[in-house]
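What follows is the residue order along each chain.
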Amino acid sequence: QRRVYRTTTHVPQELGQIMDSETFEKSRLYQLDKSTFSFWSGLYSELEGTTILLCGGIPFLWKLSGQISGHAGFGPEYEIVQSLVFLLLATLFSAVTGLPWSLYNTFVIEERHGFNQQTLGFFFKDAIKKFVVTQCILLPVTSLLLYIIKIGGDYFFIYAWLFTLVVSLVLVTIYADYIAPLFDKFIPLPEGELKQQIETMAKNIDFPLTKVYVVEGSKRSSHSNAYFYGFFKNKRIVLFDTLLEDYSALNKEPAEGEDGENEETKSKSKNKKQGCKNEEVLAVLGHELGHWKLGHTVKNIIISQVSYY
């Protein structure tokens, strides 16, 4: 794939009518940089994992976890407590060692290609919030899983699998309503032509649409996307504000009196108008709804669970 990025310097004939040379070159150089970053970060990850295994990092961390839980009054019989301390230390170590790579990706690669909209302060605040929220979910779920394994007997793996399946489905259900709003602002898509067109598209394929939201993704990146979520007859569609010409904050002038962080974010926006026309938004959304129409989501859940089991 990297060879293709390096050698394909002209727009392929099949795309000649829909993509100009400037856009293609920007995309090619961006993907080339992402490929290089992926190689080196992946290589580091393999070397780090191998070093930890060879040098006894896991037994060391387990022993350290026991010492910490012991100081807190939990002896060796409190195996679940020690396991949670171990998990907390492991994820903290992973977050710290992964931080330089994340910083480079955001403030060098994404910045170089005009996608980054974050300030350094926002980046660290967001990273800390993600870590805290992750621990608030991960630690209780892990403690229940370990308890199930402990009392499950010979068939513990079946109970553990059923538990993880239920947890996965619950997290998918509540993510957009309760977790994602902790990081981004969601607003209903106002009444208008675009909303009517989306509702018509959904109706044509019997997609049980209940609500359409716009998420404020422009404070992080100028990348755009769309997705849907929900089970059964309660489906919602989410559009990134960067996908919409009329709603992207990157197309708006900073309001008088805005704080410095927002002003700095807005100053990074380009003169070229951000977002897509309605027809292009519907094309992006049509791709996502195609996954639902063809049953890809359900099939992937079944395949992953069978493979896991």
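Cut-offs applied
Residues numbered from 1 in each chain as written. Predicted model: local features only at pLDDT ≥ 70, side-chain atom pairs only at ≥ 80, totals over all residues. Heavy atoms only, no water. UniProt positions renumbered as here; feature names shortened; annotations may be inferred. Patch = residues over 30% accessible without salt bridge, like charges linked within 9 Å, V, L, I, M, F, W, Y side chains within 5 Å. Areas by Shrake-Rupley, 256 points an atom, 1.4 Å probe, with all protein chains shown as cover. Salt bridge = Lys/Arg side-chain N within 4 Å of Asp/Glu carboxyl O. Helix = DSSP H or I, 4+ residues; strand = E, 2+ residues; numbered from the N terminus. Buried < 20%, exposed > 50% of the residue type's maximum accessible area, 1.4 Å probe, protein only. Pairing = 2+ DSSP bridges. Axes fitted to C-alpha atoms, helices over the stretch in contact; angles between N-to-C directions. Contact = heavy atoms within 4.5 Å. Polar contact = N/O pair within 3.5 Å; in protein donor to acceptor, adjacent residues only side chain to side chain. Phe/Tyr/Trp six-rings, centres within 6.5 Å; stacked < 30°, edge-to-face > 60°. Expected span 1.5 Å × (residues − 1). Arc of directions from axis to C-beta.

An unreviewed UniProt entry lists the chain under the name CAAX prenyl protease, with Pitta sordida given as the organism. In its Catalytic activity (unreviewed entry) section, the UniProt record describing the chain reads: "Hydrolyzes the peptide bond -P2-(S-farnesyl or geranylgeranyl)C-P1'-P2'-P3'-COOH where P1' and P2' are amino acids with aliphatic side chains and P3' is any C-terminal residue." Taken directly from UniProt, the Function (unreviewed entry) text for the chain runs: "Proteolytically removes the C-terminal three residues of farnesylated proteins."

**Q** Can you explain a nonpolar patch on the surface? Please cite residues and give values.
**A** There is a patch of nonpolar side chains on the surface, built from Ile-149, Tyr-155, Phe-156, Phe-157 and Tyr-159 and spanning about 490 Å² of accessible area. Take the nonpolar patch: its biggest share by element is three residues, from helix H6 (residues 156-179). Its location among the elements puts Ile-149 in helix H5 (residues 120-151). Exposure remark for Ile-149: the relative accessible area of 35% places this residue in the partly exposed category.

**Q** Describe the sheet that holds strand E1 (residues 186-188), naming the residues involved and giving the relevant values.
**A** An order of E1-E2-E4-E3 is seen for the four strands of this open sheet, with the pairing classed as mixed. Bordering the open sheet on either side are E1 and strand E3 (226-229), each of which pairs with just one other strand. This sheet shows a mean twist of 30 degrees between the axes of neighbouring strands, independent of strand direction. Relative to strand E4 (residues 235-240), E3 runs antiparallel, the two being bridged by four bridges. Note on E4: the bridge partner recorded for Tyr-227 is Val-238. Sheet strands touched by helix H9 (residues 278-293): E3 and E4. Its angle to E3, the strand with the most contacts, is close to 35 degrees.

**Q** How would you explain the side chain of Thr-91 if you had to name every residue and give the values?
**A** In this fold, Thr-91 is placed in helix H4 (residues 79-112). Among the polar contacts listed, one links the side chain of Thr-91 to the side chain of Gln-135, at a separation of 3.2 Å. In this view, Thr-91 contacts Phe-131, Gln-135 and Leu-138; residues no more than four positions away in its chain are not counted.

**Q** Could you give an account of the pairing of strand E2 (residues 209-215), naming the residues involved and the relevant values?
**A** When E1 meets E2, the two strands line up antiparallel, connected through three bridges. By the bridge assignment for E2, Pro-188 is matched with Tyr-213.

**Q** Which residues make up the packing of aromatic side chains, and what values do they have?
**A** Counted by the stated rule, this structure contains twelve aromatic pairs. With centroids separated by 5.2 Å and ring planes inclined at 80 degrees, the aromatic side chains of Phe-74 and Tyr-78 adopt a geometry described as edge-to-face. When its relative accessible area of 33% is taken as the criterion, Phe-74 is described as partly exposed. Grouping aromatic residues by their ring pairs yields a cluster made of Phe-37, Tyr-44, Trp-101 and Tyr-104.

**Q** Explain helix H3 (residues 57-71) to me, and be specific about the residues and the numbers.
**A** Across its 15 residues, H3 extends 21 Å between first and last C-alpha, which sits within 8% of the 21 Å expected from 1.5 Å per residue. All of the buried residues along H3 are Leu-61, Ser-65 and Ser-69. Within H3, the buried residues cover an arc of 70 degrees as seen down the axis, which keeps them to one side. Opposite the buried face of H3, by more than 90 degrees, sit the exposed residues Pro-59, Phe-60, Lys-63 and His-71.

**Q** Go over the pattern of salt bridges, please, and point to the residues and values.
**A** A side chain with one charge may pair with a side chain of the opposite charge, provided their charged atoms come close. For the coordinates displayed, the defined rule picks out nine salt bridges. Counted as one network, the salt bridges with shared partners bring together Asp-126, Lys-130, Asp-184 and Arg-220.

**Q** Before we move on, can you summarise the UniProt feature "binding site: Zn(2+)" (unreviewed entry) in the chain with the specific residues and values?
**A** The feature "binding site: Zn(2+)" (unreviewed entry), as given by UniProt, occupies His-287 and His-291 in the numbering adopted here. As for its placement among the helices and strands, His-287 is situated in helix H9. What makes His-287 partly exposed here is its relative accessible area of 49%. Mapped onto the fold, His-291 is located in helix H9. Setting aside residues no more than four positions away along its own chain, His-291 makes contact with His-296 and Thr-297.

**Q** So what's going on with the environment of Leu-64? Which residues, and what values?
**A** Mapping Leu-64 onto the fold places it in helix H3. Linking Leu-64 and Phe-86, residues 22 residues apart in sequence, is a C-alpha distance of 7.9 Å.

**Q** How would you summarise H4 if you had to cite specific residues and measurements?
**A** Note: α-helices contain 3.6 residues per turn, so residues at a spacing of three or four share the same orientation. The end-to-end C-alpha distance of H4 is 48 Å, a good match for the 50 Å that 34 residues give at a rise of 1.5 Å each. Within H4, burial applies to Gln-82, Ser-83, Val-85, Leu-87, Thr-91, Thr-97, Asn-105, Thr-106, Ile-109 and Glu-110. Check the buried side of H4 and you find it contacts helix H2 (21-54), H3 and H5. Looking one or two places after H4, you find Gly-114, whose phi comes out positive at around 80 degrees.

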